[in-house]
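For reference, the chains in residue letters:
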Amino acid sequence: MKIDKPKIPKQLEELDVAILIEVDEERFISRGIVLNWNVTELPENKISFDQVHFQDVDFNRVRFDQVEFIDCKFERCDLSNVDFGQSIFHRVEFQQSKLVGVQCTQSRFGHVWMDSCVANYAAFSFSKMKQVKFQHTAFNKADFFECLFDKVEFNECELDASNFTETSLDKIDLSSCTYEQITVSVEKLSGCTVSTEQAMGFAKSLGLLIKE
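Below: a short report on this structure. (Residues numbered from 1 in each chain as written. Predicted model: local features only at pLDDT ≥ 70, side-chain atom pairs only at ≥ 80, totals over all residues. Heavy atoms only, no water.)

Focus: the pattern of salt bridges
Considering all chains together, one arrives at six salt bridges under this definition. We note a salt bridge from Glu-68 to Lys-46, for which the minimum N-O separation is 3.4 Å. Placement of Glu-68 in strand β3 (residues 68-75) and of Lys-46 in the loop between β1 (28-34) and β2 (48-55) is noted, with a sequence separation of 22 residues between them. Under the relative-accessibility criterion, Glu-68 is labelled partly exposed at 22%. Salt-bridge contacts for Asp-71 lead to Arg-91; the nearest nitrogen and oxygen are separated by 2.6 Å. Taken together, the residues span a long stretch of sequence, with Asp-71 in strand β3 and Arg-91 in strand β4 (residues 88-95) at a distance of 20 residues. Both residues of the pair, Asp-71 and Arg-91, count as buried. Salt bridges here are not isolated pairs; linked through shared partners, they connect Asp-56, Glu-75 and Arg-76. (Salt bridge = Lys/Arg side-chain N within 4 Å of Asp/Glu carboxyl O. Helix = DSSP H or I, 4+ residues; strand = E, 2+ residues; numbered from the N terminus. Buried < 20%, exposed > 50% of the residue type's maximum accessible area, 1.4 Å probe, protein only.)

In C-alpha cells:
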C-alpha cells in the first residue's frame with residue numbers, strides 16, 4: 001500500500017512554539033523544525049501545524065484539542081499520555097516515538113505511517129483511518145473500539161490484549177502480528193486474514209473445541 005509522505009522542505013528553521021502561539025492569533029504554525037517544547041498551556045483556539053518536523057521533543061502530557069497536523073513528522077518524540085482528541089493527521093509520520101497512553105479518540109488519520117514506536121495503552125476509539133500503515137509498533141492493551149478502517153495495515157505489530165470491539169476487520173491482515181489474545185466482535189471478523197495459530201486462538205475464544 002502506498003502512503004503519501006509528508007511534504008516537508010529539506011531546509012527548515014528552528015521554531016519556538018511558545019512565542020508563535022503567543023503572537024499568532026490564528027494559531028497556524030508552519031515550515032520549521034521543533035527541537036524543544038516549552039509550552040505549558042495551550043490556548044483554546046484551534047491550532048494547525050503544517051510542514052513541521054518535531055524531533056526529540058517531549059510533550060509532557062499536553063492536551064491538544066482539535067488540532068491539525070498536515071505534512072508533519074514526529075521523530076524520537078515522547079507523546080505519552082498526550083490528548084489528541086478530535087484531531088486530524090494527514091500525511092504524518094511517527095518514527096521511533098513513544099505514544100504510551102496517547103489519546104486519539106474521534107480523530108481522523110489519512111496517509112499516516114507509524115514505524116518502530118511504542119503505543120501501549122493508546123486510545124483510538126471512534127476514529128477514522130484511511131491509508132494508514134502501522135509497522136513494528138507495540139499496541140499492547142490499545143483501544144481501537146468502533147474505528148472505521150479503510151486500507152489499514154498492521155505489519156509485525158504487538159497487539160496483545162488490544163480491543164477491536166465493534167470495528168470491522170474486513171481486509172485487515174493480522175497474520176504477521178503477535179498477541180496472546182485480542183478482543184473483537186465476531187460479526188465483524190469476516191474477511192480478516194490471520195495465521196493458523198491465530199485462527200485457533202479465535203476458535204477457542206468462541207468456545208469451540210479443537211481436536212488436533
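Structural notes on the environment of Val-132
Mapping Val-132 onto the fold places it in strand β6 (residues 128-135). Exposure remark for Val-132: the relative accessible area of 1% places this residue in the buried category. Between the C-alpha atoms of Val-132 and Arg-91, which are 41 residues apart in sequence, the distance is 9.5 Å. Those residues within four positions of Val-132 in sequence are excluded, and the remaining contacts are Met-1, Ile-3, Phe-109, Val-112, Lys-151, Val-152 and Glu-153. (Contact = heavy atoms within 4.5 Å.)

Brief notes about the sheet that holds β3
With parallel pairing, seven strands are arranged side by side in an open sheet as β1-β2-β3-β4-β5-β6-β7. If you trace the sheet from one side to the other, it starts and ends with β1 and β7 (148-155), each paired once. Across this sheet, the average inter-strand angle for adjacent strands is 5°, counted without regard to direction. (Pairing = 2+ DSSP bridges. Axes fitted to C-alpha atoms, helices over the stretch in contact; angles between N-to-C directions.)

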